[in-house]
Amino acid sequence: MRRSLLSSLRAHLGRLIAACLAIVLGVGFGSLAMIVHSSASHGVDATIGAQYKGVDAVVAPDSSTISPDDIAKAQKVSQAASVVTLTTAYMEVAFADLVRPTTVPIDALYDSSRIAGPGTSAGRLPAATNEIALPARTATKHKVTVGQTLRISSYDGKSWTVTVVGLLDDSKYVGTASAVATPAAVKIFDPGAYTRAIALAAKPGVTQQQLADATRAAVSKGVQTFTGEAFIDHEVKSWTNGIDVLGGVFGMFAVIALFVACLVIGNTFTIVIAQRTREMALLRCVGASRRQVFTSVLAEAAVVGAVASAIGVVFGVALSALGLALSREFDWGIPPLPLHLDLLSVFLPLLLGIAVTLLAAVVPARRATKVAPLAALRPEVAPAAASKAGLLRLILGFLLLAGGGALLAGGAVLQDVLIGVAGGALSFLGVLAIGSLLVPALIRLIGALPARGGGVPARLAVANAIRNPKRTAATTSALLIGVTLISLTCVGIASVRKTFDVSMDGQYPVDLMVTTYQEKMPASAEQQLRDIKGITQVVPVSKLLVKSGGQEVEVTGIDAAAAGSVIHNPALASQLKPGTALLDRPTMAMLNVEDGSPLTIVSGQHKLTVTVQRANGLDPITVASTDLAKLAPSAPVTGFWLASDPKADGSDVIDAVQQSIPTVKELSVDGGLAERTSYTKIFDVLLIVGVGLLGVSVLIALVGVGNTLSLSVLERTRENALLRAMGLSRRQLRRMLAVESLLMALVAAGLGIVLGLIYGWSGTSALMGGQTVDGGVEYAVPGTLLIAIAAVAAVAGLLASVLPARRAAKVAPAGALATE
């Protein structure tokens, strides 16, 4: 049987190439996901470990901050060889490239003989109170060099001039590094500087646990004490939480890729074995048992799976190395990540690839054992790749579809993601189970038009596509999975983004609110803001400190007619009119007023009575500018409300606004643009990652479509030759196969988009229903993306038919009629 196995592999290698490619892609993608996740986690772990080298115990704030008494008690712990206090002052630093100072954390230096301290990449560490060392990346960003002087100031108005004597090596630092100064300097800058931790090193012979227990007994109960290893694990988890989530997403898509590969492999082996009916029967005639035939098929699958999986792992390692190398070109706030290979990330995808291949080959192998020996003596007929789906399969499919649909609806109504996921999985399995009934019906439906106007090739294509429902359904299902998942991702992200935007409009109705403190805005301020790229609307506002209900509160006045151009919530903008005041919830609670109740505002000798309306996201009290004029006829312009272009980079817009109006000393920039921008970037990344990763599933599925057509060409060699002999030209033969492939692709695209809409909308309801303020969920249809998905599927289906059609057209009719 070994010789038979080797000769079979050599003879049918061409037919197994598509299965091999599916395995390579699936395993390569799985190993890529695991290696990148392992490298990221290992890189952060090693880097944080290096930052806390020598630390055996740590005292950190918990329910209360670290007090001077805690520091004094920790320094008296007899088991400690070294105790250092990690202290940080947050100062305003004036850089030459900025109009106004920016906040920079400054850490106090400590004794680093036992516990690792900061190192320099240029210059030296500070030694005097007028010296400072900046992180290298911060210095590069603001073009600061060693020897340059900087002006720093505290929040109480004090300022100092310091000299930059060194640049800190932050190339392997997780997050943004702090500047450093001497402990005496930090105490001068901020006498009440924040103590973020106490680090202790143990004496020889003292374990980390013993030191931690002794320290815990000494300090107050409001702080928490870790061993050095536990604290590093705590810090690593705080940084790798996003990595773990991303790893889970990568892993999920890897499983999907392997599942799609399993469908392609199973379909390939089914057709290959169906075409080798006579070969299997001849083996039985010369003495091979059913067990030997079964074992030979599984052995063939194991060899194919092992070789292709090994290639896939190498492919995944190469892609991981390339991706990590490219990531070093971008500043993501994490250190450069070296490639880290472990046994799990290498061997698990390899074993999964082999297991998936064997699993996919079990049913075709069992089918091969049913070939009777006498079949070899009968005249060969065109082999059938599969039979009609059984009644039991259809009944099970409809039950899964109904049950899954009920769970899907329940998950959306109950806002339970797990119920929704279970419902989606069950209903999709139901769709796959009834695919042999559903797919041919859809092909017959959409094939009616080309069958009428496409001539003989189109009619033959429709007939060929529905001739073997089970094989067509299996081929289409592979592409259906990919299209469904891509559509689901696009619809889900678009719906979540729309829901988030509406929610943001309720919580942060204004993009940016620019305000001065105890200053007047210059006459040119409005034009300066309008000139900023990305700003679309600028509306001036005036602010006044008044009394109401015995409390002092700030009132903002804005032109009611222009407010709608900067307030994204139309309902809120319509409420702003003379005689009405918009109050946020804390102000309403402070003044003890409710919606619709009257409110009297007093400013000097002027009084104004207005009707209260609740409005979240605006200033404490917002009124029409005409009402504010009744309280203060000459109130100056103290700020502006801005609207930005949704397509503009929000971070760049905020930076530009913060550096605008240089004549104003203190400029406050608030609003929802920063949060909206951060979430928008997350949505964009998720969309890119989701579509990119799921594209791998589609690629594998397209390999399956091309493979099915290739094997179908071999299976129908005599039939195609007979058609050629009866007058079908090579061009018509190629057109027939192209239409057949296009029909399968269009059915998969259409059905996948419909399922994607249903799953995307129900998933959004389950996920976001309990997250918004009012429980409302918005549904979106990303029409352009869905049309693009359908177009790509159709084009890919046509491309998948090119090689099989050329192969079929090259065969001479006389030679094909004589082939076996």
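1. As for the overall build of the chain
Step number 1: Secondary structure summary: the chain contains 28 helices and 19 strands in total.
Step number 2: Looking at the chain as a whole, 48% of its 820 residues are labelled buried.
Step number 3: Nonlocal contacts in the chain, meaning residues at least 24 apart in sequence, comprise 81% of its contacts between residues at least 6 apart.
Step number 4: Split by element, the accessible area of the chain, about 38,600 Å² in all, is 62% carbon and sulfur.

2. Observations regarding helix 12 (residues 417-433)
Step number 1: With 17 residues, helix 12 should cover 24 Å at 1.5 Å per step; its first-to-last C-alpha distance of 24 Å lies within 8% of that length.
Step number 2: If you check which residues of helix 12 are buried, you get Gly-420, Gly-423, Gly-424, Ser-427, Phe-428, Gly-430, Val-431, Leu-432 and Ala-433.

3. Side note on the confidence of the model for the chain
Step number 1: Scored by pLDDT, the chain comes out at a mean of 81, with 83% of its residues at no less than 70.
Step number 2: In this model residues 379-389 is a low-confidence stretch, pLDDT under 50, and it forms 20 contacts with partners more than four residues away in sequence or in other chains.

4. Points about the side chain of Ser-644
Step number 1: Checked against the element boundaries, Ser-644 lands in strand 18 (residues 639-644).
Step number 2: A relative accessible area of 11% means that Ser-644 is categorised as buried.
Step number 3: The contact partners of Ser-644, leaving out residues within four places of it in the chain, are Asp-511, Gly-534, Ile-535, Thr-536 and Leu-673.

5. Topic: the packing of aromatic side chains
Each aromatic ring pair is summarised here by two numbers: the centre-to-centre distance and the angle between the ring planes.
Step number 1: Counted by the stated rule, this structure contains four aromatic pairs.
Step number 2: Both rings, one in Tyr-52 and one in Phe-231, keep their centres 5.2 Å apart while their planes meet at 85°; by these two values the pair is edge-to-face. Taken together, the residues span a long stretch of sequence, with Tyr-52 in the loop between helix 2 (13-51) and strand 1 (57-61) and Phe-231 in helix 7 (residues 228-275) at a distance of 179 residues.
Step number 3: Here Trp-761 and Tyr-779 contribute two aromatic rings whose centre-to-centre distance is 6.3 Å and whose plane-to-plane angle is 65°, an arrangement assigned as edge-to-face. Of this pair, Trp-761 sits in helix 25 (residues 730-768) while Tyr-779 sits in the loop between helix 25 and helix 26 (783-800), and the two are 18 residues apart along the sequence.
Step number 4: Ring pairing ties together the aromatic residues Tyr-52, Phe-226 and Phe-231, which thus form one cluster.

6. Examining a positive patch on the surface
Step number 1: A cluster of basic residues, Arg-730, Arg-731, Arg-734, Arg-735, Arg-806, Arg-807 and Lys-810, forms a positive patch at the surface.
Step number 2: Counting through the fold element by element, Arg-806 comes out in helix 27 (residues 802-810).

7. Comments concerning unusual backbone geometry
Step number 1: Backbone geometry at Asn-592 places phi at a positive 60°, although glycine is not the residue there.
Step number 2: For Asn-592, a relative accessible area of 70% puts it in the exposed group.
Step number 3: Of note, the phi angle at Ile-661 is positive, near 50°, even though the residue is not glycine.
Step number 4: Structurally, the position occupied by Ile-661 is in the loop between helix 22 (650-658) and strand 19 (667-670).

8. Observations concerning the environment of Ala-525
Step number 1: Mapped onto the fold, Ala-525 is located in helix 17 (residues 525-530).
Step number 2: Sequence separation between Ala-525 and Pro-540 is 15 residues; the distance between their C-alpha atoms is 9.7 Å.
Step number 3: Sequence-distant contacts of Ala-525, that is, excluding residues within four places in its chain, are made with Phe-640 and Ile-661.

9. Concerning the packing of helix 25 against helix 26
Step number 1: Their axes nearest at 8 Å, the elements helix 25 and helix 26 cross at an angle of 155°. Relative to helix 26, helix 25 is oriented roughly antiparallel. Considering the relative orientation of helix 25 and helix 26, their crossing is right-handed. Of helix 26, the residues touching helix 25 (which contributes Ala-738, Ser-741, Leu-742, Ala-745, Leu-746, Ala-749, Ile-753 and Leu-757) are Leu-786, Ala-790, Ala-793, Ala-794, Gly-797, Leu-798 and Ala-800.
Step number 2: Considering only residue class, the contact of helix 25 with helix 26 consists of 13 nonpolar, two polar and no charged.

10. A look at the environment of Val-297
Step number 1: Checked against the element boundaries, Val-297 lands in helix 9 (residues 290-327).
Step number 2: Once the C-alpha coordinates of Val-297 and Ala-361 are considered, the two residues, 64 residues apart in sequence, prove to be 7.6 Å apart.

11. Some thoughts on the pattern of salt bridges
Step number 1: Under the counting rule described, the total for this entry stands at nine salt bridges.
Step number 2: A salt bridge links Lys-73 to Asp-69, with the nearest nitrogen and oxygen atoms 3.2 Å apart. In this pair, Lys-73 and Asp-69 both sit in helix 3 (residues 68-75), four residues apart, roughly one turn of the helix.
Step number 3: Judged by relative accessible area, Asp-69 falls into the partly exposed class, the value being 42%.
Step number 4: Several salt bridges share partner residues, and in doing so they unite Lys-543, Glu-554 and Asp-619 into one network.

Scoring rules and cut-offs
- Residues numbered from 1 in each chain as written.
- Predicted model: local features only at pLDDT ≥ 70, side-chain atom pairs only at ≥ 80, totals over all residues.
- Heavy atoms only, no water.
- Helix = DSSP H or I, 4+ residues; strand = E, 2+ residues; numbered from the N terminus.
- Buried < 20%, exposed > 50% of the residue type's maximum accessible area, 1.4 Å probe, protein only.
- Contact = heavy atoms within 4.5 Å.
- Areas by Shrake-Rupley, 256 points an atom, 1.4 Å probe, with all protein chains shown as cover.
- Expected span 1.5 Å × (residues − 1).
- pLDDT = per-residue confidence, 0-100.
- Phe/Tyr/Trp six-rings, centres within 6.5 Å; stacked < 30°, edge-to-face > 60°.
- Patch = residues over 30% accessible without salt bridge, like charges linked within 9 Å, V, L, I, M, F, W, Y side chains within 5 Å.
- Salt bridge = Lys/Arg side-chain N within 4 Å of Asp/Glu carboxyl O.
- Lys, Arg positive; Asp, Glu negative; His and termini not counted.
- Charge placed at Lys NZ, Arg CZ, Asp CG, Glu CD.
- Axes fitted to C-alpha atoms, helices over the stretch in contact; angles between N-to-C directions.
- Parallel < 35°, antiparallel > 145°, perpendicular 65-115°, else oblique.
- Left-handed = near helix turned anticlockwise from the far one by under 90°.
- Nonpolar A, V, L, I, M, F, W, Y, C, P; charged D, E, K, R; others polar.

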